[in-house]
Amino acid sequence: MGSHKYQTGFGNYFSTEALPGALPEGQNNPQKVGLGLYAEQISGSAFTVPRAYNLRSWFYRIRPSVLQGEFRPMESAPPLYKSRPFPEATAPNALRWGPFAAPAESVDFLDGLRTIAGNGDSSGYRGCATHVYLANKAMGTRFFYNAD
């Protein structure tokens, strides 16, 4: 047998640390976490669940998950990708689209997005949109982030 120690059982609480002293003793969210880490909690249950049934995980991270730069619009935002409000009315009937023509130039996922239907207004948190995409080029150093 190896020297592995397995943590067994459902509904149990476990802890592990990469370096000794990384986890706070006797508390979850101290004002100052050891080793200069940031404390974050991920909840896996609704806020209405009784405390005894809460499912959560505490993470002590090198950098906070909210560490990010400022959001800015894409410089190459394709004109075929649309957002709120949708001035064009979309019929509520079942619709069907033929395939779109392949572009002459190479496009990645972001440049290949095309909005085909939408309703509502995202500033009011109501509505939806339907998009299709065509991509014939890798994303390279670009990425897509959904902050819903």
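Every value quoted in this text rests on a predicted model; they were computed, and no experiment measured them.

Here the focus is the overall build of the chain. If you tally the helices and strands in the chain, you get zero helices and four strands. Listed N to C, the secondary structure of the chain is β-β-β-β in terms of helices and strands. Relative to its full complement of 148 residues, the chain shows a buried share of 13%. Expressed as a percentage of contacts within the chain between residues at least 6 apart in sequence, the contacts between residues at least 24 apart total 51%.

Inspection of the secondary structure assignment puts V107 in the loop between β2 (56-61) and β3 (113-121). Residue contacts for V107: discarding those within four places in its chain leaves G112, L134, A135, N136 and K137.

By the secondary structure assignment, T115 is in strand β3. Looking at T115, the relative accessible area reads 13%, which means it is buried. Looking at T115, its side chain comes within polar contact range of the side chain of H131, at 3.0 Å.

Rules behind the numbers
- Residues numbered from 1 in each chain as written.
- Predicted model: local features only at pLDDT ≥ 70, side-chain atom pairs only at ≥ 80, totals over all residues.
- Heavy atoms only, no water.
- Helix = DSSP H or I, 4+ residues; strand = E, 2+ residues; numbered from the N terminus.
- Buried < 20%, exposed > 50% of the residue type's maximum accessible area, 1.4 Å probe, protein only.
- Contact = heavy atoms within 4.5 Å.
- Polar contact = N/O pair within 3.5 Å; in protein donor to acceptor, adjacent residues only side chain to side chain.

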